[in-house]
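The residues making up each chain are set out below.
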Amino acid sequence: MSENNLSIPITEFSEPNKKGNDTYRKYILVKHESLQYPICVYRISGNDYKALWLRCSHQGAELQVSGDTLVCLAHGSEFDNSGKVTNGPADKDLRTFITYLKNEHLNIVLK
Ligand code: FES
């Protein structure tokens, strides 16, 4: 973790099942001291991740993660796992962060 960057070992997404086979978490939540709310990082595939700030674009309440949907309990807005509004009253998509893979780590650019 640095001022403008979060770095997560890619193994954080691994979750071996009882048979010892690799399965993967759909998402993980990460926090950075500069952000009021956590970031939800969805693993779309091994090379494709989406980092979304869990701040509702309507009036700023913290979102709850429900599978592939992000739900705001304040007034009922919903967002998909790419941050797009799927249900109002919010009319703006969520803030997203650029991500890139390097040395078995997923880096999230916070600027
Ligand atoms: S603050 Fe999220 S729907 Fe109003």
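If you're wondering where the values come from, they're calculated on a predicted model, not measured in any experiment.

What counts and how
Residues numbered from 1 in each chain as written. Predicted model: local features only at pLDDT ≥ 70, side-chain atom pairs only at ≥ 80, totals over all residues. Helix = DSSP H or I, 4+ residues; strand = E, 2+ residues; numbered from the N terminus. Rg over C-alpha atoms; globule rule 2.2 N^0.38 Å. Contact = placed C-beta atoms within 7 Å. Pairing = 2+ DSSP bridges. Axes fitted to C-alpha atoms, helices over the stretch in contact; angles between N-to-C directions. Core = buried A, V, L, I, M, F, W, Y, C linked by C-beta atoms within 7 Å. Buried ≥ 20, exposed ≤ 12 C-beta atoms within 10 Å, placed from the backbone.

Draft legend 1. Structural detail: the overall build of the chain. When helices and strands are counted, the chain shows zero helices and ten strands. Along the chain, helices and strands appear, N-terminal first, in the series β-β-β-β-β-β-β-β-β-β. Taking 111 residues into account, the globule formula puts the C-alpha radius of gyration at 13 Å, and the chain, at 14 Å, falls close to it. Principal-axis analysis of the C-alpha atoms gives the chain an extent of 45 × 35 × 20 Å. Once local pairs closer than 6 in sequence are excluded, the contacts in the chain between residues at least 24 apart make up 35%.

Draft legend 2. Examining the environment of Leu63 more closely. Here Leu63 is to be found in the loop between strand E4 (48-53) and strand E5 (64-66). Residues Leu63 and His32 lie 31 residues apart in sequence; the distance between their C-alpha atoms is 16 Å.

Draft legend 3. Examining the sheet that holds strand E1 (residues 5-9) more closely. Strands sit in the order E1-E10-E9-E4-E3-E2 across an open sheet of six strands; the sheet is antiparallel. This sheet does not close on itself; its edge strands, each paired only once, are E1 and strand E2 (27-30). Recorded for the sheet is a direction-independent mean angle of 25° between the axes of neighbouring strands. Where strand E3 (residues 39-45) lies against E4, six bridges are found, and the strand directions are antiparallel. Each bridged residue has a counterpart across the sheet, and for Tyr42 the counterpart in E4 is Lys50.

Draft legend 4. Summary view of the environment of Leu106. Assignment of secondary structure puts Leu106 in strand E10 (residues 105-109). On a C-alpha basis, the gap between Leu106 and Gln64 in space is 23 Å, while along the polypeptide they are 42 residues apart.

Draft legend 5. Expanded view of the nonpolar core. Counting 21 residues, the largest nonpolar core has Ile39, Cys40, Val41, Ala51, Leu52 and Leu54 as its most contacted members. Among the secondary structure elements, those contributing two or more residues to this core are E3, E4 and E10.

Draft legend 6. Unusual backbone geometry, seen in detail. Along the chain, Gly88 connects to Pro89 via a cis peptide bond; the corresponding omega equals 15°. When you line up the elements, Pro89 lands in the loop between strand E8 (85-87) and strand E9 (96-102). Even without a glycine there, the phi angle at Asn103 is positive, about 50°. Following the sequence through the fold, Asn103 ends up in the loop between E9 and E10. Phi at Glu104 takes a positive value of approximately 65°, unusual for a residue other than glycine.

Any link to function would need more than the numbers given here.
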